[in-house]
Amino acid sequence: MTFRIGYVGYVPHQNFFDTCAADPGLEVVRVPLEADIGEAVQILSSCHGYYAMASRDELPRHLHVNEALLAKLPHLLMVASTGAGYDTCDPDACTAAGVALVNQAGGNAEGVAEHAVGLMLGCLKRVPEAHAAMKAGQAQDRGALMGRELRGRVVGLVGCGHVGGRVAEIVRAAFGCEVLACDPFVDADTLAARGATKVEMDELLARADVVSLHCPLTPATRGLIGRAQFAAMKKGVVFVTTARGSIHDEDALLEALEAGHVASAGLDVWEVEPPPPSHPLLHHPAVMASQHTAGVTHESRANITKIAALAFGELAAGRMPPRIVNPEVKPRFAERVRAALGTAPA
Ligand SMILES: NC(=O)c1ccc[n+]([C@@H]2O[C@H](COP(=O)([O-])OP(=O)(O)OC[C@H]3O[C@@H](n4cnc5c(N)ncnc54)[C@H](O)[C@@H]3O)[C@@H](O)[C@H]2O)c1
Ligand SMILES: O=C(O)[C@H](O)COP(=O)(O)O
């Protein structure tokens, strides 16, 4: 039996199609990003899988995976989100519908971790100010651009999974940093094996010279870093995020930068993407900005698209796919898969 996957994405990575093509059980159909709900449902109603490979503001709202879309797709068995994040997909709605939601955490961890460390270094060395001044032909007294070094500093990670773990490894090995991690879902021994000391948020905010976000955007993390949290950070802290906009409060960050409490910020992700050109954070001299490109490397894109294709292949072959974000769905999911494909994934 052919297992059909509906793919919607803005940058088709050949690796996804090649990996699917190598599996005779899989067939991919394209859902255009411009499809209205009628066309999308028509295409997806013949699919057991849906790969939503676009980020929150690139994926049209009616193609986000929520209760309304799932109600129209009773045959759907599994959804793959764009990468590690899954904020275009509602895990609870998937569970209620008996649909497994998988991500590709780990596939882009290197690209993102390198980007996060790059932002830390750029902010500490005041690259944004120097870059802007040089480009404007306004080279200034070098002493006005006095930077700081990363070596030996305390790095605080909010979330320490694949990306956070790799950041911990890099900053410890290359810069001798002490790494503190606040991650309610990872125990102290596991964090220690990743090179980090498990702490509560209060301690992390009070002690870190650099705070870097690496948790998913969920109802629990939306607004996690607001006015109170910025105020609780050390004066002169560097704030970095490659996680998702909306985990930190942009207005509160701007105030903290303007007050000089946060020395600089490296921002890859935004409340609205891309942020409007007039966004005040883009015009703040101590902000280093990128456009949700931390994971946009050849290697990371090749990895995550292959991981997604392999996950669909696992299911089509009757096996339970890895990286299920909503594991509580498994019994009902197995039952639905047995009814649809004839074998229950174990
Ligand atoms: N900018 C980019 O291009 C890019 C690329 C990849 C990932 N991301 C973002 O980075 C996030 C992390 O990626 P990853 O591969 O490390 O994912 P991961 O699933 O391996 O790790 C996420 C970690 O966050 C922890 N976490 C969950 N809720 C938390 C909370 N309330 N407080 C603190 N920690 C919490 C989890 O326990 C887990 O250890 C993704 O969810 C995604 O949003 C962005
Ligand atoms: O969560 C992720 O893995 C990345 O943010 C993926 O985002 P992208 O689709 O923009 O690469």
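Rules used throughout
- Residues numbered from 1 in each chain as written.
- Chains lettered and ligands numbered in written order.
- Predicted model: local features only at pLDDT ≥ 70, side-chain atom pairs only at ≥ 80, totals over all residues.
- Heavy atoms only, no water.
- UniProt positions renumbered as here; feature names shortened; annotations may be inferred.
- Helix = DSSP H or I, 4+ residues; strand = E, 2+ residues; numbered from the N terminus.
- Near = heavy atom within 4 Å.
- Areas by Shrake-Rupley, 256 points an atom, 1.4 Å probe, with all protein chains shown as cover.
- Nonpolar A, V, L, I, M, F, W, Y, C, P; charged D, E, K, R; others polar.
- Domains from an automatic or database assignment.
- Contact = heavy atoms within 4.5 Å.
- Buried area = accessible area lost by both parts, 1.4 Å probe.
- Salt bridge = Lys/Arg side-chain N within 4 Å of Asp/Glu carboxyl O.
- Buried < 20%, exposed > 50% of the residue type's maximum accessible area, 1.4 Å probe, protein only.
- Arc of directions from axis to C-beta.
- Pairing = 2+ DSSP bridges.
- Polar contact = N/O pair within 3.5 Å; in protein donor to acceptor, adjacent residues only side chain to side chain.
- Axes fitted to C-alpha atoms, helices over the stretch in contact; angles between N-to-C directions.
- Parallel < 35°, antiparallel > 145°, perpendicular 65-115°, else oblique.
- Left-handed = near helix turned anticlockwise from the far one by under 90°.

**Notes on the UniProt feature "domain: D-isomer specific 2-hydroxyacid dehydrogenase catalytic" (unreviewed entry) in the protein**
Per the UniProt annotation, the sites labelled "domain: D-isomer specific 2-hydroxyacid dehydrogenase catalytic" (unreviewed entry) are residues 56-326. The span residues 56-326 carries 37% helix and 13% strand; its end-to-end C-alpha distance comes to 19 Å.

**Structural notes on the UniProt feature "domain: D-isomer specific 2-hydroxyacid dehydrogenase NAD-binding" (unreviewed entry) in the protein**
Sequence positions flagged by UniProt for "domain: D-isomer specific 2-hydroxyacid dehydrogenase NAD-binding" (unreviewed entry) are, in local numbering, residues 117-294. Taken end to end, residues 117-294 is 33% helix and 17% strand, and its first and last C-alpha atoms sit 10 Å apart.

**What about the site of ligand 2?**
Near ligand 2 the following residues occur: Y10, S55, T82, G83, A84, G85, N108, R244, H292 and R301. Protein burial of ligand 2: of its 320 Å² of free accessible surface, 93% is covered by the chains. A breakdown of the residues in the shell around ligand 2 according to their chemical character gives two nonpolar, six polar and two charged.

**Regarding the domain arrangement of the protein**
Each assigned domain of the protein is listed here: domain 1 (3-103 + 298-341) and domain 2 (109-289). The gap between the C-alpha centroids of domain 1 and domain 2 is 32 Å. Domain 1 puts eight residues into the contact, and the matching count from domain 2 is eleven residues. Of the roughly 690 Å² buried at the junction of domain 1 and domain 2 (both faces included), carbon and sulfur atoms supply 39%. When the buried surface of domain 1 facing domain 2 is broken down by residue, R56, D57 and D87 rank first, second and third, together holding 58% of it. Where domain 1 touches domain 2, the interface holds one salt bridge. In this structure, the salt-bridge partner of R244 is D87, at a minimum N-O distance of 2.8 Å.

**Some words on helix α6 (residues 127-135)**
Listed in full, the buried residues belonging to α6 are P128, E129 and A133. Down the axis of α6, the smallest arc covering the buried residues is 125°, so these residues share one side. Residues of α6 that are exposed and point over 90 degrees away from its buried face: M134 and K135. Buried residues along α6 sit against α5 (109-124) and β12 (287-289).

**Side note on the sheet that holds strand β11 (residues 262-267)**
Through backbone hydrogen bonds, the strands of a sheet pair up, either in parallel or in antiparallel fashion. A sheet is described by the order of its strands in space; here seven strands give the open sequence β8-β7-β6-β9-β10-β11-β12, paired in parallel fashion. Only two strands of the sheet have a single partner each, and these edge strands are β8 (197-198) and β12. Relative to strand β10 (residues 237-241), strand β9 (residues 210-213) runs parallel, the two sharing four bridges. Residue pairing across strands places S212 opposite V240, the latter belonging to β10.

**What about the site of ligand 1?**
Near ligand 1 there are 28 residues, and of these H162, V163, D183, T242 and D268 occur at the shortest range. Between ligand 1 and V163, the relevant distance is 2.8 Å, taken from an oxygen atom to a main-chain nitrogen or oxygen of the residue. Residue A243 places a main-chain N or O atom 3.4 Å away from an oxygen atom belonging to ligand 1. In the complex, 88% of the free accessible area of ligand 1, which totals 850 Å², lies under the protein chains. For the shell around ligand 1, the residue count by class is 14 nonpolar, eleven polar and three charged.

**Focus: the side chain of S290**
Assignment of secondary structure puts S290 in the loop between β12 and α12 (298-316). There is a polar contact of 2.8 Å between the side chain of S290 and the side chain of H115. Beyond its immediate sequence surroundings of up to four residues, S290 is in contact with H115, L267, D268 and W270.

**Focus: the packing of helix α1 (residues 14-21) against α12**
At a closest axis distance of 8 Å, the pairing of α1 and α12 adopts a crossing angle of 30°. The angle between the axes of α1 and α12 places the two elements in the roughly parallel class. Considering the relative orientation of α1 and α12, their crossing is right-handed. Taking contact as the criterion, the partners of N15, F16, T19 and C20 in α1 are, on α12, A302, N303, T305, K306, A308, A309, L310 and F312. Here the residues of the contact of α1 with α12 are counted per class, giving seven nonpolar, four polar and one charged.

**Details of unusual backbone geometry**
In this structure, P274 follows E273 across a cis peptide bond, with omega equal to -10°. Following the sequence through the fold, P274 ends up in the loop between β11 and β12. Not every positive phi belongs to a glycine, and H292 is a case in point at roughly 50°. Along the chain, H292 turns up in the loop between β12 and α12. A positive phi angle, close to 60°, is found at R323, a residue other than glycine. Turning to its location among the elements, R323 is positioned in the loop between α12 and α13 (330-341). Exposure remark for R323: the relative accessible area of 35% places this residue in the partly exposed category.

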